[in-house]
Number of protein chains: 2
Amino acid sequence: MKQGLLIVVSGPSGTGKGTVCERLLASTPELAYSISATTRQPRAGEVDGQNYYFLTREQFEQKIAEGDFLEYANVYGNYYGTPLGKIQERRAAGEDVLLEIDTQGALNVMQRCPDGLFIFLLPPSLTELEHRIRGRGSETEETLARRLGNAKKEIQIGRKYKYVVVNDEVELAVARIKSILTAEHCRVDLNTELFEVLQDEKR
Amino acid sequence: MKQGLLIVVSGPSGTGKGTVCERLLASTPELAYSISATTRQPRAGEVDGQNYYFLTREQFEQKIAEGDFLEYANVYGNYYGTPLGKIQERRAAGEDVLLEIDTQGALNVMQRCPDGLFIFLLPPSLTELEHRIRGRGSETEETLARRLGNAKKEIQIGRKYKYVVVNDEVELAVARIKSILTAEHCRVDLNTELFEVLQDEKR
């Protein structure tokens, strides 16, 4: 059984990774989604076990102690983490798994899973990024200023990724990521069995 | 100016690279085609300067002596070669250039242009490959047997490429190659200017 890909979509907060990943999943039924765990409060409409596993601080720290996370981070006072076991199961079964995480988490995943497919989402500009974060309406002026300040630094982390996708239009960004997945599935090093089959074919 | 990609599509003869590249070019207007030179006789419908530059043996050997070829090879008694100058010009102008060559030629291009994007086309099976070569009707039994014998060896050369695309259906193969081109244009190492622009942006 060919192992599935671990697709890591990341980028500064406000870049729109949530929306992009949602549309990507909706139009790619064979793609499994890795649900993160977090201690932050659910936003309006977010469902436990679907958007996130919403945990208490105590529950989260218990799981850290048990080694249950591929990565975890404390961002603006809240924990975010990626449960490891389900990802391993799904990849072993040949499924591609999508992981949407912040840049700090992605750096940790790079250490643990260097075979991951790291895709960095960029905003078209910092002005547009500010506009989007304001539009979300869930930030105070203080957290907004902190996020924007961090974004400029975070953006440079993207240089460590394999692919960069500008999220100018959601549908375009999704199409580019789908192309990346198709291309990666054509990599020779992931398809050596094709050469073996033709080598062995009698005629 | 960002340099264009050199896209090398190759595979055993009879795999259908000609048809795949034709459809790819027809549906990708921004892709430039590198026209090969050859000393073989034109097939029905082939036009000089469009399908190939048809040269005499003397003309071809003159150009070899002048270093005009990115690669050239003698295949079944005929020369095939890739004029170098036009490829360099177009890539420097930011255009992607498509090169359709046999496996022997591609190995030479790998030496000269390791930054090329090497895509190997595979037939779905050897039986199907034989069927396609027979269908072309331009082979004697002798050259057919030689081509099929070589094909099995040639296929293993594909392991040296970056991507492998099975030509089960022409439109599917073309779509996969288009995805590969899109993905390659998202490579971080080809887009460092995106990070520089955002680094420098004032807000």
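Right above here is the structure, for reference.
In what follows, the accompanying structure is described. (Residues numbered from 1 in each chain as written. Chains lettered and ligands numbered in written order. Predicted model: local features only at pLDDT ≥ 70, side-chain atom pairs only at ≥ 80, totals over all residues. Heavy atoms only, no water.)

### A look at the packing of aromatic side chains
Residue and element names in this part refer to chain A.
And then number 1: Per the stated rule, a full pass over the model turns up 20 aromatic pairs over all chains.
And then number 2: Taken together, a centroid distance of 4.5 Å and an interplanar angle of 15° make the contact between F60 and F69 stacked.
And then number 3: Residue F69 is classed as buried on the basis of its relative accessible area, which comes to 6%.
And then number 4: Ring centres of F69 and Y72 lie 6.3 Å apart, and the angle between their planes is 50°; on these two criteria the pair is classed as tilted.
And then number 5: Grouped by ring-pair contacts, the aromatic residues F60, F69, Y72 and Y79 constitute a single cluster. (Phe/Tyr/Trp six-rings, centres within 6.5 Å; stacked < 30°, edge-to-face > 60°. Buried < 20%, exposed > 50% of the residue type's maximum accessible area, 1.4 Å probe, protein only.)

### Looking at the relation of the copies chain B and chain A
And then number 1: Under the fitted operation, chain B is carried onto chain A by 0.0 Å of movement along the axis and a turn of 180°, and the coordinates agree to an RMSD of 0.0 Å. Look at the turn and shift together and you get a two-fold axis relating the two. Minimal C-alpha separation from the rotation axis in chain B is found for B:S179, amounting to 2.2 Å.
And then number 2: A symmetric contact is evident, with 100% of the interface residues of chain B recurring at the interface of chain A. (Least-squares fit on C-alpha atoms with pLDDT ≥ 70 in both. Contact = heavy atoms within 4.5 Å.)

### Some points on the pattern of salt bridges
And then number 1: Considering all chains together, one arrives at 24 salt bridges over all chains under this definition.
And then number 2: Among the salt bridges present, the one from B:R187 reaches B:E184, with a minimum N-O distance of 2.5 Å.
And then number 3: When its relative accessible area of 19% is taken as the criterion, B:R187 is described as buried.
And then number 4: Connected through salt bridges with shared partners, the residues A:K162, A:E184, A:R187 and A:D189 form a single ionic network. (Salt bridge = Lys/Arg side-chain N within 4 Å of Asp/Glu carboxyl O.)

### Focus on helix α4 (residues 103–112) of chain B
All names here are of chain B.
And then number 1: Among the residues of α4, those classed as buried are T103, G105, A106, V109 and M110. Taken around the axis of α4, the buried residues stretch over an arc of 150°, which confines them to a single face.
And then number 2: Buried residues belonging to α4 abut β1 (6–10), β5 (69–75), β7 (96–101), β8 (117–122) and α6 (141–157).
And then number 3: For α4, the capping residue at the N-terminal end is D102, with a side-chain oxygen 3.0 Å from the backbone nitrogen of Q104. (Helix = DSSP H or I, 4+ residues; strand = E, 2+ residues; numbered from the N terminus. Arc of directions from axis to C-beta. Polar contact = N/O pair within 3.5 Å; in protein donor to acceptor, adjacent residues only side chain to side chain.)

### Side note on the sheet that holds strand β6 (residues 78–83) of chain A
All names here are of chain A.
And then number 1: The four strands are arranged β4-β3-β6-β5 in an open sheet whose pairing can be described as mixed. Looking at strand neighbours, the two that pair on one side only are β4 (52–54) and β5 (69–75), the edges of this open sheet. Adjacent strand axes in the sheet meet at a mean angle of 20°, parallel and antiparallel pairs treated alike.
And then number 2: Taken together, the six bridges between β5 and β6 define a ladder with antiparallel strand orientation. What sits directly across from V75, in β6, is N78. (Pairing = 2+ DSSP bridges. Axes fitted to C-alpha atoms, helices over the stretch in contact; angles between N-to-C directions.)

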